[in-house]
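# Architecture at a glance
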Amino acid sequence: MVKTPSKTYCFSLEDHPRSIELFNHTKDLFNNTIEFYFNVIEQHQEILKLRSQDALRALEKLSAKTKKNPNPEHNVSSVCPSIPVLFRRAAINKALGASRSFHTHLHKWNERKAKAESVHKKFTEKPPVPPRKWNFSPVFYKKLYKNFDGTSIILRLWTGKSWAWVKFSCKGQETPAQWDVLSPSLVKRKHRLFLHFPLQKPKEDFVWPEKIVEQIKNPELKICSVDLNINDDLAVCVIQKANGAVEATKFILGGSYLQHRRKRLLGIIATKRSKTRAAGQKGISDNVALWDKIRNIDEQEAHRVSRRIVDFALAHGATVIVFEHLGNYRPKKNKGSAKSNEKRAFWLRGKIFHYTKYKAFEHSVVTARISPKNTSRQCNLCREDVFRFGKEMDPNNPYTPGAPNFFCPNCQNRGSNDRMAAINVGRKFFRKWLEKPGKKFSGTEVSHAG
Ligand SMILES: [Zn+2]
């Protein structure tokens, strides 16, 4: 099922003297309840064939003692004598999800096994096992929280003995209007508590993007093609039409500065490591904060770059954003922190792609990918192999991989190699979709899924 765009809003809860203790009790109870229901479903697997609402009802009938149902087959009171109905339902839904996922994996494993055995092949893959540890964040359905006004909230928490209403001040951005706010979950990160509210765009407020197969029929279709790099040009974006007209170009810089900041932090980590090693210690936990910092820098950059790509596409009325498939990371000669830096630069491209996809979908813009073959090697006008060079062109060494400039010996076209690559990504997209209409290309994403 394809869903409308969603995102998460995060609120931090103020430090409350007993908050972590209460959180732990509530989370343990939530996960124990999930485990209980997971086991009940294992004994009544026919439940998995039911629709969610019916499955929920069937499980309640099997487990919850009421006047009409005085002797349920399994009694959830064995987990805890008093569980609020909605807490139980949240746990049941998690258990159903976990069970469905487990049985899908098991089913696929059985299929692979049968297939291998049918051709007398040895099958050594281990079967999937049910989760041994449960680590879900407690979800607060309505009636498990109240009086939420953006600055404070009252949560129903388990103290280990009884249920209590606990008030917290909270801080976070204002939730945007026109989004449905779904049930929050309570999350602990580094001894602090956060409430994550999933937001979902209501169906009636969302214009579904047209599929590429349809969009391509419009000769006025504008696309934004993107070349992602690990040099200073983090992204080069080009707006173009099927007739080849390039309407605008944008360079999103910052790669060198990012590399520099990362390099500094990676250097500090390396020095610390060699010191602890020299002292015969094993622990490198003191580096956790530094790694967090590096991760944060990368996250921020991925958000910044993807935001700017989407803004650029929207400003020019492009309704498709095209990327290259990113391929796998192949390390160069670098070692140690230089290698680590290079690897992170590579990962960043994947992040930028994913964030762009989400942000674009919110604005009904679709994302597509094409094969990267020859995009930075062939002239965008005549498709002849180009020369690629740094400052000066050297006829003895016409192609320097990674060099910033190009020159086409056939049509004299010249300029930035990254910009040429971005144009080629778009040209390739049009060639694929216009020259072979109706064909579905493997790996080309037609629309955003889930
Ligand atoms: Zn050319």
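Residues numbered from 1 in each chain as written. Predicted model: local features only at pLDDT ≥ 70, side-chain atom pairs only at ≥ 80, totals over all residues.

Right, let's get into the sheet that holds strand β13 (residues 387–389). Note: strands within a sheet are paired through backbone hydrogen bonds, in either parallel or antiparallel orientation. Read across the sheet, 3 strands follow the order β13-β14-β15 without closing on themselves; strand pairing throughout is antiparallel. The open sheet has two edge strands with one neighbour each: β13 and β15 (414–416). Across the sheet, the mean angle from the axis of one strand to that of its neighbour is 25°, orientation sign disregarded. With 3 bridges connecting them, β13 and strand β14 (residues 405–407) associate as antiparallel partners. What sits directly across from Arg388, in β14, is Phe406. (Pairing = 2+ DSSP bridges. Helix = DSSP H or I, 4+ residues; strand = E, 2+ residues; numbered from the N terminus. Axes fitted to C-alpha atoms, helices over the stretch in contact; angles between N-to-C directions.)

Of all 5 residues in strand β11 (residues 320–324), 5 are buried, a share of seventy percent or more. A two-sided burial pattern is seen for β11, the buried positions comprising Val320, Val322 and Glu324 on one face and Ile321 and Phe323 on the other. Sheet analysis places strand β8 (residues 222–228) next to β11, joined by 3 bridges and oriented parallel. Pairing of Ser225 across the sheet is with Val322, part of β11. Sheet analysis places β11 next to strand β12 (residues 366–370), joined by 5 bridges and oriented parallel. For Phe323, the partnering residue across the bridge sits in β12 and is Arg369. (Buried ≥ 20, exposed ≤ 12 C-beta atoms within 10 Å, placed from the backbone.)

With that out of the way, let us pick up the domain arrangement of the protein chain. Taken domain by domain, the protein chain comprises domain 1 (6–200) and domain 2 (212–435). For domain 1 and domain 2, the distance between their C-alpha centres works out to 39 Å. (Domains from an automatic or database assignment.)

With their axes 8 Å apart at the nearest point, helix α1 (residues 19–43) and helix α3 (residues 85–118) run at an angle of 55° to one another. The pairing of α1 with α3 is recorded here as oblique in orientation. Crossing geometry of α1 relative to α3 is assigned as right-handed. In this structure, α1 uses Phe30, Thr33, Ile34, Tyr37, Phe38 and Ile41 to contact α3, whose residues at the interface are Arg88, Ala91, Ile92, Lys94, Ala95, Ala98 and Ser99. (Parallel < 35°, antiparallel > 145°, perpendicular 65-115°, else oblique. Left-handed = near helix turned anticlockwise from the far one by under 90°. Contact = placed C-beta atoms within 7 Å.)

It is at 10 Å that the axes of helix α2 (residues 52–63) and α3 come closest, and there the two elements cross at 115°. Handedness of the crossing formed by α2 with α3: right-handed. Residue-level inspection shows Ser52, Ala55, Leu56 and Leu59 of α2 in contact with α3, the latter providing Arg89, Ile92, Asn93 and Leu96. Among the residues forming the contact of α2 with α3, the class breakdown is 5 nonpolar, 2 polar and 1 charged. (Nonpolar A, V, L, I, M, F, W, Y, C, P; charged D, E, K, R; others polar.)

Let us look at the pairing of strand β9 (residues 235–241). Judged by how many residues are buried, β9 sits mostly within the fold: 6 of 7 residues are covered. When β8 meets β9, the two strands line up antiparallel, connected through 7 bridges. What sits directly across from Cys224, in β9, is Ile239. Connecting the antiparallel pair β8 and β9 is a turn made up of 6 residues. Pairing between β9 and strand β10 (residues 246–252): 6 bridges, direction antiparallel. Counted as the bridge partner of Ile239 is Ala248 from β10.

Now for the confidence of the model for the protein chain. Counting all residues, the mean pLDDT for the protein chain is 89, and 94% of those residues have values of 70 or more. Between the elements of the protein chain, mean pLDDT differs from a low of 85, seen in helix α5 (residues 255–278), to a high of 97, seen in β11. This stretch, residues 441–450, has a pLDDT under 50; its non-local contacts, to residues over four places away or in other chains, come to 20 contacts. (pLDDT = per-residue confidence, 0-100.)

If you walk across this open sheet you meet the 5 strands as β10-β9-β8-β11-β12, and the pairing is mixed. Edge positions in the open sheet fall to β10 and β12, since each of these has one partner strand only. On average, adjacent strands in this sheet sit at an angle of 20° to one another, irrespective of strand direction. Of the strands in this sheet, β8, β9, β10, β11 and β12 touch helix α8 (residues 417–435), which is tilted by about 130° from β8.

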